[in-house]
Amino acid sequence: MNKSMLAGVGIGVIAASGIAAVAGLDVFSSGPKYAQVVTATPINETLKTPRQQCRTVAVTHRRPVQDENKIAGSLIGAVAGGVLGHQFGGGHGRSVTTVAGALAGGYAGNQVQGSMQNNDTYTTNQERCQTVYDKSQKLLGYDVTYKIGDEQGKIRMDHDPGAKIPLDRQGRLDLSGGNSDNKA
């Protein structure tokens, strides 16, 4: 082998290595390197978490009544009204005032006993609980609208892509996440 042939082979190997390196850098590609992000809309889910909320309240109770029909009050009132009515009038008029006094006294006694029974109360504290819901938001991802040249597309991503999304060598979105300079 002669020296010129060896030199030619050496220059050829160096030239081939240089061309391969330049091709690997994709220097001659005329397409865009990034997709431009038009919008990135967060998608949230509302979560409702139940919990018990309790409070203590005062509850008023009426004491049990032995004379629900208020007979004792009616009788005592009728006797007192009859005695009082008997003090007025004379003759046949005295009988009328006695009966009228007994009727009025019976009614009054009935009402007084009812009022006393209704006011005979006691109070206890009771715990009242109810289920309430705490609301919170969970981020599901982002609906991203992007442009590559004049063409527009949409995709859902698990993170906010920023202002641009890198493209692979075929001009498609590179979603591998390996490029960190797309936060612009």
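Each value, and the rule that gives it
- Residues numbered from 1 in each chain as written.
- Predicted model: local features only at pLDDT ≥ 70, side-chain atom pairs only at ≥ 80, totals over all residues.
- Heavy atoms only, no water.
- Helix = DSSP H or I, 4+ residues; strand = E, 2+ residues; numbered from the N terminus.
- Expected span 1.5 Å × (residues − 1).
- Buried < 20%, exposed > 50% of the residue type's maximum accessible area, 1.4 Å probe, protein only.
- Arc of directions from axis to C-beta.
- Contact = heavy atoms within 4.5 Å.
- Core = buried A, V, L, I, M, F, W, Y, C linked by side-chain atoms within 4.5 Å.
- pLDDT = per-residue confidence, 0-100.

Enquirer: Just checking my understanding: could you explain helix 2 (residues 71-86) for this structure?
Expert: Residues lying three or four places apart along an α-helix face the same way, a consequence of the helix completing one turn every 3.6 residues. Taking 1.5 Å per residue, 16 residues should reach 22 Å; helix 2 reaches 22 Å between its end C-alpha atoms and fits that length. For helix 2, the full list of buried residues reads Gly 73, Ser 74, Gly 77, Gly 81, Gly 82 and Gly 85. What you see down the axis of helix 2 is that its buried residues fit within an arc of 155°, all on one side. Exposed residues lying more than 90 degrees from the buried face of helix 2 are Leu 75, Ile 76, Val 79 and Val 83. In the core, the buried residues of helix 2 are packed alongside helix 3 (92-119).

Enquirer: It is not clear to me how the nonpolar core should be interpreted in this structure. Could you clarify?
Expert: Generally speaking, a soluble globular protein has its nonpolar side chains buried in company with each other. Core analysis: the largest hydrophobic core is formed by nine residues, namely Ala 35, Val 37, Tyr 142, Val 144, Tyr 146, Met 157, Ile 165, Leu 167 and Leu 173. Elements supplying a minimum of two residues to this core: strand 1 (34-62) and strand 2 (121-148). A total of three residues in this core trace back to one element, the largest contributor, which is strand 2. In this structure Met 157 touches Gly 141, Tyr 142, Val 144, Ile 165 and Leu 175, once residues within four positions along its chain are discounted.

Enquirer: I would appreciate a short explanation of the confidence of the model for the chain in the present structure.
Expert: When pLDDT drops low, the exact placement of atoms in the prediction is not to be read closely. Residues of the chain with pLDDT of at least 70 account for 80%, and the chain-wide mean is 81. The model gives residues 179-184 a pLDDT under 50, and that stretch makes 14 contacts with residues more than four places away or in other chains.

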